[in-house]
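Per-entry structural report
If you want the building blocks of each chain, they are given just below.
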Amino acid sequence: MSSNPYTILGVDKSASQDEIKKAFRKLAHKYHPDKEGGDEEKFKEINGAYQILSDSGKRAQYDQFGDAAFGGGGGGPGGFGGFGGQGVDFDMGDLGDIFGGMFGGGGRRAKKARGNDIQVDVTLEVKDVVHGKEQSIDLRKLDSCETCDGSGAQGGKTDTCKECKGAGHNTVGQRTPFGVIQRQVTCPVCSGRGEVPEFACADCDGAGVRKQDSHITVTIPAGVDDGATMRVRGRGEAAPHGGEAGDLFIRIFVKRNKKFVIDGRSIRSKIDVGFTQAALGDEVKVKTVDGEVKIKIPAGIQSGTELSISGEGIEGDWGRGDHIVTVHVKTPKKLNKKQKQLMKELGLSEK
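About the criteria used
Residues numbered from 1 in each chain as written. Predicted model: local features only at pLDDT ≥ 70, side-chain atom pairs only at ≥ 80, totals over all residues. Heavy atoms only, no water. Pairing = 2+ DSSP bridges. Helix = DSSP H or I, 4+ residues; strand = E, 2+ residues; numbered from the N terminus. Axes fitted to C-alpha atoms, helices over the stretch in contact; angles between N-to-C directions. Expected span 1.5 Å × (residues − 1). Buried < 20%, exposed > 50% of the residue type's maximum accessible area, 1.4 Å probe, protein only. Polar contact = N/O pair within 3.5 Å; in protein donor to acceptor, adjacent residues only side chain to side chain. Core = buried A, V, L, I, M, F, W, Y, C linked by side-chain atoms within 4.5 Å. Contact = heavy atoms within 4.5 Å. Parallel < 35°, antiparallel > 145°, perpendicular 65-115°, else oblique. Left-handed = near helix turned anticlockwise from the far one by under 90°. Nonpolar A, V, L, I, M, F, W, Y, C, P; charged D, E, K, R; others polar.

Things to note about the sheet that holds strand β9 (residues 248-254)
- An order of β1-β9-β8 is seen for the three strands of this open sheet, with the pairing classed as mixed. Edge positions in the sheet fall to β1 (118-124) and β8 (229-232), since each of these pairs with one other strand and no more. In this sheet, adjacent strand axes meet at a mean angle of 25° when their direction is disregarded.
- Pairing between β1 and β9: seven bridges, direction parallel. Paired with I118 across the bridge in β9 is L248.

Dropping the structure here:
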């Protein structure tokens, strides 16, 4: 029997990795010991050849030194160091797809399907950030079929799955170089439900899900940050056959506001006051998110001074933050002679 891995897999020496893998899978399917007409020794030989040619380092060694690169010569299953012998390891990962296809699933395939996640963008006003908001979101997505209540069965009538006899899973044996391993895999016929529709629902073709309009209302808390993402579990797309629904991710954008700036728990704004108001003091109206409030401008206030309005900031479990006003004193640009004289006299009196 040939010990040449290229000959065993039936590929040219110049074959690509995709060609090598394709040839390996075809032969592994054909000679797997659990199949009728399978050949365990041939199967081991095929795997040994693949372990060399699928590894660029081992392939280069074989191309240069032949069988001697792996401690031996001779054909048959002993070639390339044998099935798990020196130089070649048995890689279960390479056979995962083959085993999964033969046994009706396994590993990740044995799990029920999960619905897709959905992401939407929501734009908020500053007032929404201050108080929070009940946000309505309209989507068109895979959802549980209303006609059959997600059962996939016309009229809700189901029969026990004949494949798994209602267990929802099957026990299968997997032959490996280390013996036969038994494991449970999700039944491919009923997808783990243990029952199948007596008659498939006409609206969803028995899947239990279909595209439809969905209206969702979520609570966006006060104080949410611009750019934050909220996760609403189970409000993404539904999964067929009773699988777990995906999640809804809401990305938050806060619309820029010319008057108000969010700063942690506080809201900031600016006001202009006249020179006389700053010098003598005054009472002025300030716009907040919730409306106008009056504040006192103390006499002699300087430009850039910050005044705090308590309880007009962002809501939270701690109460509300403050609204902070930065005062800008407007200096007159044009004065007549009398005004200039008065300003000079005022300046002299301050010295």
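Following the structure, the description resumes.
Comments concerning helix α3 (residues 40-53)
- With 14 residues, α3 should cover 20 Å at 1.5 Å per step; its first-to-last C-alpha distance of 20 Å lies within 8% of that length.
- Regarding α3, the residues found buried are F43, E45, I46, N47, G48, A49, Y50, Q51, I52 and L53.
- A side-chain oxygen of the first residue of α3 lies 3.1 Å from the backbone nitrogen of E41; this N-cap is D39.

Topic: the sheet that holds strand β14 (residues 306-309)
- Strand order across the open sheet formed by four strands is β10-β11-β15-β14, with mixed pairing between neighbours. Bordering the open sheet on either side are β10 (261-263) and β14, each of which pairs with just one other strand. On average, each strand axis in the sheet is inclined to that of its neighbour by 35°, with strand direction left out of account.
- Here β14 runs beside strand β15 (residues 323-330); their pairing, made up of four bridges, is antiparallel. By the bridge assignment, I309 is partnered in β15 with H323.

Here we look at the pairing of β9
- Of the two faces of β9, the one lined by L248, I250, I252 and V254 is fully buried and the one lined by F249, R251 and F253 carries no buried residue.
- In terms of strand pairing, β8 meets β9 through four bridges, oriented antiparallel. Counted as the bridge partner of V232 is L248 from β9.

Description of the nonpolar core
- Core analysis: the largest hydrophobic core is formed by 23 residues, its most contacted members being I137, I220, L248, I250 and I252.
- Where this core is concerned, the elements lending two or more residues are β1, α6 (126-131), β2 (133-144), β7 (209-220), β8 and β9.
- Contact partners of I252, with chain neighbours within four places excluded, come to V122, L124, I220, V224, D225, D226, G227, A228 and M230.
- The next biggest cluster of nonpolar side chains, apart from the first, holds 18 residues, and it includes I20, Y31, A49 and Y62.

Let's talk about unusual backbone geometry
- The backbone phi angle of D149 is positive, close to 55°, even though this residue is not glycine.
- The topology assignment puts D149 in the loop between β2 and β3 (158-160).
- The class for D149 is exposed, based on a relative accessible area of 68%.

Looking at the side chain of S269
- By the secondary structure assignment, S269 is in strand β11 (residues 266-274).
- When its relative accessible area of 7% is taken as the criterion, S269 is described as buried.
- Excluding its chain neighbours within four sequence positions, the residues that come into contact with S269 are K259, F260, V286, K287, H323, I324, V325 and T326.

A few points about the packing of helix α2 (residues 17-31) against α3
- Look at α2 against α3: their axes get within 9 Å of each other, and the N-to-C directions meet at 170°. With respect to α3, the axis of α2 lies roughly antiparallel. Of the two possible hands of crossing, α2 and α3 adopt the one that is left-handed. Together, Q17, I20, K21, F24, L27, A28 and Y31 of α2 and E40, K42, F43, I46, N47, Y50 and L53 of α3 make up the contact between the two elements.
- Classifying every residue of the contact of α2 with α3 gives nine nonpolar, two polar and three charged.

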